[in-house]
Structure formats: C-alpha cells, structure tokens
Amino acid sequence: RPDEIRRLGDIIHKHFKFSTDIEASVEVDPRRLTRDHLVALREVGFNRASMGVQDFNPKVQEAIHRIQPRAMTQQAIDWMRELGYGSINLDLIYGLPHQTPETFNETLDTVLAMKPDRLAVFSYAHVPWIKPSQKILEQKVLPTPESKLNVLKLVIERLTTNDQYVYIGMDHFARPNDELAVAQRNKQLQRNFQGYSTRAGSDIYAFGMSGVSQIPDAYWQNEKELPKYQDAVDAGRVPLHKAYLVTAEDKIRREAIMRTMCDLSLDFAAMSQKLGINFEQHFASELALLAPFQADGLVNRTPTGLEVTDAGRLFIRNIAMCFDNTLAPLGERRHSKTI
C-alpha cells in the first residue's frame, strides 16, 4: 500500500545515503496501481519506472491469465509523466500462445503510440521445471521457433524504422538519445546478469528473498524460500543460499562475452591488451566454433577481429555462447531455449 511504501522509503533513507544523480527505478504492475502508489514512490526517490505489458491482444492475455486493457496501461503512463518520472520502460514478450506476426504487429502499433523511453522485448522462456505454473501453457499451442523468429524480425524492423529506437541487442531498445544508446555508440556499454548498464564496475547488492548479488570476484544468492530467509535474518545471519567465486579464467571469458553482446564486435588486439593474453591463441577453439555463423552471414571475421552482422544480432546469444566453457552438452542443458 502507498503508506507502506512511504514507511519502507523512510527506513531505506535512514540507513543509506544516495547520490544526487541517483537512478532509482521501480517495477510496477498497472493492474494493482493507483495514482497514490506512484506519488508515494516519487516521494521516496524513484525517478524511473518499468511495466510489464506482454501483449495487448485480448486472446493472448486470456491465455496467459493477465488481463490488462490498453486504457489501464495508458493511465499508468499518463500518471508517471504527470508526476515527473524521467524514463518509462515497457516489457513485451513474444512466443506466447495465439501470437502471430500479424497480432503482434497490432500490439506494436499500440506501444509505439504510447512512446515509452525504452522497450524490452523478451522471448518467452518456457521453464516449467523452475516455474510449475507454466505447465498450464503446455496445454496451449505455443508458436514455433520459426514463428518466434519472424516476430523478432518484425519487432526490430518496426521499432528501428525512422530511427525511433536503437536496437541495443539482447531484447532491448532505447531512444537514440538515451544513455544506453549513447554508451553503445561509444563502446562503453556494460552488461551484468540483470541486463545492460552504463555503470561499469558497479557492485550489485541484493536485499530480500532470492536476490542475487555481484562483486568482481563473486556472485551469491539469498535464500529462495521465505521461512529460511526469515530464520536466517532473525538469527543475525546472512541469508545465503549459494555462492560462486569467480576464477581468473571466468573473468577473461566474462569480458569476451560482455564485449560481444555490448559492442557486437571484438577487436583482438584491444582485447589482448586489456586481458593480458593473446586473444586469438587463447580462444582459438572458440573462434573456430564461429565458422557456421560466418558461413550463414551472421558473423564477419576481419584481419583484426570479428563483427556481428545485422542478421547476426538475432542470434547474439548463440554467438556469445561460443565463449562460455561452462555450458553442459546440448542434450543435457536445463534452461530456456535461445529461440
């Protein structure tokens, strides 16, 4: 409730000091939102907001049990702009039941009329072994990988027409003057497990159940079940569920993957100097794995490095995965499909 938001805000401000140019973003659900919620969030310091839309098609909304009429989303956006939220992001999902390129094109018409500052267009990740509630969607017809790829192609073409948005990559779009787009042009864009960022080298500290934290040498996750989390906190212990210490090789590969995803290119000499290795020798077998991508016109090898083509952007996950030495064999992987 708004009064609880204000109380939480007071507690947070009591214990932490904030920069004057803080970026404070909140995820809101228009279906449970009042204007007073947004007033309270602004009062405690939030200046950016993100909302899930998924799809505006009523048939798709009914299939995924998320009824969210256009007017409801528009009302939330209008309130945010009135109250001075400086950046508004909308999340869409493709790969849902009953979606087709034609129906999603209509959703894009609606979204473009709303003029959000950023857009995240995610591929639906079907992982019922992690999210049992998704099993209900197995009873419905999900789009084929080919249909999903056609939708993604449509999204990129529609959003980037007339320079409305810049395709940052990995599902994200931003206005040409947005700091994400500027950072990418200057090859200063960063990426962590939460997504793209302009803040290089920032530590990430997560508070609350299941939150994941990151510092240069480690990742750790809080307890994922509420009773275990509460018991640990009540006992004065860090509610640690699991942790991973990063090796020197992890750091090298993390940088190679990040620069591939952020710059959509690799400069071998620059990477060698930055990482203190001979990049081409160190990654000889991984670069060989890129041969099929080259043959399909998704990657261009140059005398000094490699460049991801416009078509290759659609497969940037797969290209970057070539540098990951922790992936299980294809038949044993237990995570969502890339397409």
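Use the structure listed above.
Residues numbered from 1 in each chain as written. Predicted model: local features only at pLDDT ≥ 70, side-chain atom pairs only at ≥ 80, totals over all residues. Heavy atoms only, no water.

**Student:** What am I meant to see in the sheet that holds strand β3 (residues 87-94) here?
**Tutor:** One key point about sheets: their strands pair by backbone hydrogen bonds, in either a parallel or an antiparallel sense. Strand order in the open sheet made by the 6 strands is β1-β2-β3-β4-β6-β5, with mixed pairing throughout. Every other strand in the sheet has two partners, leaving β1 (25-28) and β5 (166-169) as the edge strands with one partner each. Ignoring strand direction, the axes of neighbouring strands in this sheet form an average angle of 25°. Pairing analysis gives 3 bridges linking strand β4 (residues 118-123) to strand β6 (residues 172-174), with the strands arranged antiparallel. (Pairing = 2+ DSSP bridges. Helix = DSSP H or I, 4+ residues; strand = E, 2+ residues; numbered from the N terminus. Axes fitted to C-alpha atoms, helices over the stretch in contact; angles between N-to-C directions.)

**Student:** What's the story with helix α1 (residues 2-15) in this structure? I'm lost.
**Tutor:** Helical geometry: 3.6 residues make up each α-helical turn, so side chains three or four residues apart lie on a common side. Spanning 14 residues, α1 covers 20 Å between terminal C-alpha atoms, matching the ideal 20 Å at 1.5 Å per step. Burial in α1 covers these residues: P2, I5 and G9. End-on view of α1: buried residues confined to an arc of 50°, all on one side of the axis. Across α1 from its buried face, at more than 90 degrees, point the exposed residues R7, L8, D10, K14 and H15. Each element contacted by the buried residues of α1 is listed here: α2 (35-43). (Expected span 1.5 Å × (residues − 1). Buried < 20%, exposed > 50% of the residue type's maximum accessible area, 1.4 Å probe, protein only. Arc of directions from axis to C-beta. Contact = heavy atoms within 4.5 Å.)

**Student:** Sorry, what's going on with the sheet that holds strand β10 (residues 218-222) here?
**Tutor:** What the 3 strands build is an open sheet, ordered β9-β10-β11; its pairing is antiparallel. Of all strands in the sheet, those with a lone pairing partner are β9 (212-215) and β11 (240-245), marking the two edges. Put simply, the sheet's adjacent strands are angled 15° from each other on average, direction ignored. Relative to β10, β9 runs antiparallel, the two sharing 4 bridges. Considered in β10, the bridge of I215 is made with A218.

**Student:** Could you clarify how one ought to interpret the nonpolar core in this entry?
**Tutor:** Side chains of a nonpolar character, in soluble globular proteins, are inclined to be buried together. In terms of nonpolar packing, the biggest core is built from 39 residues, with L38, L159 and F173 touching the most fellow members. For this core, the secondary-structure elements that each account for two or more residues are β1, α2, β2 (48-54), α4 (70-83), β3, α5 (101-114), β4 and α6 (145-160). It is α6 that provides the largest number of residues to this core, a total of 6 residues. Beyond its immediate stretch of four places on either side in the chain, L38 contacts V28, L33, A76, W79, M80, L83 and Y85. Counting residues in each nonpolar core, the second largest holds 35 residues, with Y196, F279, L287 and F315 among its members. (Core = buried A, V, L, I, M, F, W, Y, C linked by side-chain atoms within 4.5 Å.)

**Student:** Looking at this model, I keep getting lost on helix α10 (residues 268-275). Mind explaining?
**Tutor:** Along α10, the residues that are buried comprise F268, M271, S272 and L275. Buried residues of α10, seen end-on, are gathered within an arc of 100° and therefore sit on one face of the element. Residues of α10 that are exposed and point more than 90 degrees away from the buried face comprise A269, Q273 and K274. Packed against the buried residues of α10 are α9 (248-263), β12 (265-267), α11 (279-282), α12 (284-289), β13 (299-302) and β14 (305-308). Its side-chain oxygen 3.1 Å from the backbone nitrogen of A269, D267 forms the N-cap of α10. Directly after α10, the chain includes G276, whose backbone phi takes a positive value near 70°. (Polar contact = N/O pair within 3.5 Å; in protein donor to acceptor, adjacent residues only side chain to side chain.)

**Student:** What is the right way to look at the side chain of Q68 in this model?
**Tutor:** Relative to the helices and strands, Q68 resides in the loop between α3 (58-63) and α4. Setting aside residues up to four positions removed in sequence, Q68 forms contacts with D29, P30, R31, G52, V53, F56, Q61 and T73.

**Student:** Please clarify how the pairing of β10 should be interpreted in this entry.
**Tutor:** For a regular strand, side chains alternate in direction, first toward one face of the sheet and then toward the other. Connecting β9 to the next strand, β10, in antiparallel fashion are 2 residues. In this sheet, β11 lies alongside β10 in antiparallel orientation, the contact comprising 5 bridges. Paired with Q221 across the strands is K242, a residue of β11.

**Student:** Whenever I open this one, the side chain of R66 confuses me. Can you help?
**Tutor:** With respect to the helices and strands, R66 occurs in the loop between α3 and α4. A polar atom in the side chain of R66 sits 2.9 Å from the backbone oxygen of G52. A polar atom in the side chain of R66 sits 2.9 Å from the side chain of Q68. Setting aside chain neighbours within four positions, we find R66 in contact with D29, P30, R31, G52, V53, Q54 and Q61.

**Student:** What is the right way to read the environment of K242 from this model?
**Tutor:** Tracing the sequence through the fold places K242 in strand β11. Each C-alpha atom of the pair K242 and S210 lies 10.0 Å from the other, and the pair is 32 residues apart in sequence.

**Student:** Please clarify how the packing of aromatic side chains should be interpreted in this entry.
**Tutor:** What describes a pair of aromatic rings is the distance from one ring centre to the other and the angle between the planes of the rings. In the structure shown here, the tally under the stated rule is 7 aromatic pairs. Plain terms: the ring middles of F268 and F279 are 5.4 Å apart, the flat faces sit at 20° to each other, and that makes the pair stacked. Of this pair, F268 sits in helix α10 while F279 sits in helix α11, and the two are 11 residues apart along the sequence. Three or more aromatic residues joined by ring pairs form one cluster here, namely F268, F279, F283 and F323. When the ring centre of Y85 is taken as origin, the NZ or CZ atom of R42, which lies over that ring, is 5.5 Å away. (Phe/Tyr/Trp six-rings, centres within 6.5 Å; stacked < 30°, edge-to-face > 60°. Lys NZ or Arg CZ within 6 Å of the ring centre and 35° of its normal.)

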